[in-house]
Amino acid sequence: MTEILIRDAGPGDIPALHRLIESAYRGEASRAGWTTEADLLAGQRTDPEDLASILADPAQAMLTAWRDGDLLACVLIADRGEGAGYFGMLSVSPTLQGGGLGRRMVEAAHAALASRFGARRVRISVFPQRETLIAWYRRLGYAPTGETLPFPYGDLRFGLPLRDDLHFLVLERALP
């Protein structure tokens, strides 16, 4: 088996990125892993236009993990200014979840946020219903900030809510 290569995504990667992200978050395929949002949201998680916009923005990037030409994982990183970075859309192929690749992608995100954007801390946002995921992030050093963010109800680009109590908890950790 060849080594996993982590690199920035380019425009030619958008179809593979879109397939991976959708499979990790939505629909029946996502239930093969432990990070599904299928009980919270239906519809899309993102679309090719959103991904193209991310890749065109110098304050954002998508890190990707590849093996033998197959996209295994990705994560969005973004500069939020004033020493703060953000990551989101962490996606690992559902059949590979639980094997350490997600942790490796988080570590790559931390390193990239610090080196590219000078981030000294990183923030993430998670649905409070995702208790297992929040516990995983806490083991990685994240702590709740006490802040919440509203879910964008009515914006179908973010999916079709299956419940009326969606919002995000903000978690943060310092970067070394």
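Before any of the text, the structure's been laid out above.
Attention here is on the structure that accompanies the text.

The rules behind these values
Residues numbered from 1 in each chain as written. Predicted model: local features only at pLDDT ≥ 70, side-chain atom pairs only at ≥ 80, totals over all residues. Heavy atoms only, no water. Helix = DSSP H or I, 4+ residues; strand = E, 2+ residues; numbered from the N terminus. Buried < 20%, exposed > 50% of the residue type's maximum accessible area, 1.4 Å probe, protein only. Core = buried A, V, L, I, M, F, W, Y, C linked by side-chain atoms within 4.5 Å. Polar contact = N/O pair within 3.5 Å; in protein donor to acceptor, adjacent residues only side chain to side chain. Contact = heavy atoms within 4.5 Å. Phe/Tyr/Trp six-rings, centres within 6.5 Å; stacked < 30°, edge-to-face > 60°. Lys NZ or Arg CZ within 6 Å of the ring centre and 35° of its normal. Pairing = 2+ DSSP bridges. Axes fitted to C-alpha atoms, helices over the stretch in contact; angles between N-to-C directions. Salt bridge = Lys/Arg side-chain N within 4 Å of Asp/Glu carboxyl O.

**Considering the environment of Asp70**
For step 1, the next point in the chain: Here Asp70 shows up in strand β4 (residues 70-81).
For step 2, the next point in the chain: Overall, Asp70 belongs to the partly exposed group, its relative accessible area being 47%.
For step 3, the next point in the chain: As a C-alpha pair, Asp70 and Phe87 span 17 residues in sequence and 22 Å in three-dimensional space.

**A short note on the nonpolar core**
For step 1, the next point in the chain: With 31 residues, the main nonpolar core has Ile77, Phe87, Leu90, Leu101, Met105, Tyr137 and Tyr142 as its most contacted residues.
For step 2, the next point in the chain: Looking at this core, the elements that each hand over two or more residues are β3 (60-67), β4, β5 (84-92), α4 (101-117), β6 (121-126) and α5 (131-139).
For step 3, the next point in the chain: Counting 18 residues, the second largest nonpolar core, distinct from the first, contains Ala16, Tyr25, Leu76 and Ala78.

**Observations regarding the side chain of Thr36**
For step 1, the next point in the chain: As for its position among the elements, Thr36 is in the loop between α2 (27-30) and β2 (41-42).
For step 2, the next point in the chain: Among the polar contacts listed, one links the side chain of Thr36 to the side chain of Ser30, at a separation of 2.5 Å.
For step 3, the next point in the chain: Within polar-contact distance, the side chain of Thr36 engages the backbone nitrogen of Ala38 at 2.9 Å.
For step 4, the next point in the chain: Residues within four places of Thr36 in sequence aside, it is in contact with Ala24, Tyr25, Ser30, Arg31 and Arg130.

**Describing the packing of aromatic side chains**
For step 1, the next point in the chain: Counted by the stated rule, this structure contains nine aromatic pairs.
For step 2, the next point in the chain: Aromatic side chains Trp136 and Tyr137 sit 5.1 Å apart centroid to centroid with 65° between the ring planes, which places their arrangement in the edge-to-face category. For the pair Trp136 and Tyr137, one class covers both residues: buried.
For step 3, the next point in the chain: A ring pair is formed by Phe151 and Tyr153, whose centres lie 5.1 Å apart and whose planes are at 75°; its orientation type is edge-to-face.
For step 4, the next point in the chain: Cluster of aromatic residues (ring-pair linked, three or more members): Trp34, Phe87, Trp136, Tyr137 and Tyr142.
For step 5, the next point in the chain: Arg45 extends its terminal NZ or CZ atom over the ring of Tyr25, reaching a point 4.8 Å from the ring centre.

**Side note on the sheet that holds β5**
For step 1, the next point in the chain: The seven strands lie next to each other as β1-β3-β4-β5-β6-β9-β7, forming an open sheet whose pairing is mixed. With one partner strand each, in any of the chains shown, β1 (5-8) and β7 (143-150) form the two edges of the open sheet. With direction set aside, neighbouring strand axes in the sheet form an average angle of 30°.
For step 2, the next point in the chain: In terms of strand pairing, β7 meets strand β9 (residues 167-174) through five bridges, oriented antiparallel.

**Some points on the pattern of salt bridges**
For step 1, the next point in the chain: In total, this model carries 11 salt bridges according to the counting rule given.
For step 2, the next point in the chain: For Arg121, the salt bridge goes to Glu172, with nearest N and O atoms at 3.5 Å. Here the residue Arg121 occupies a position in strand β6, and Glu172 occupies one in strand β9, the gap between them amounting to 51 residues.
For step 3, the next point in the chain: The shortest N-O distance in the salt bridge between Asp165 and Arg163 comes to 2.7 Å.
For step 4, the next point in the chain: Overlapping salt bridges, with partners in common, bring together Arg121, Arg123, Glu147 and Glu172 in one network.

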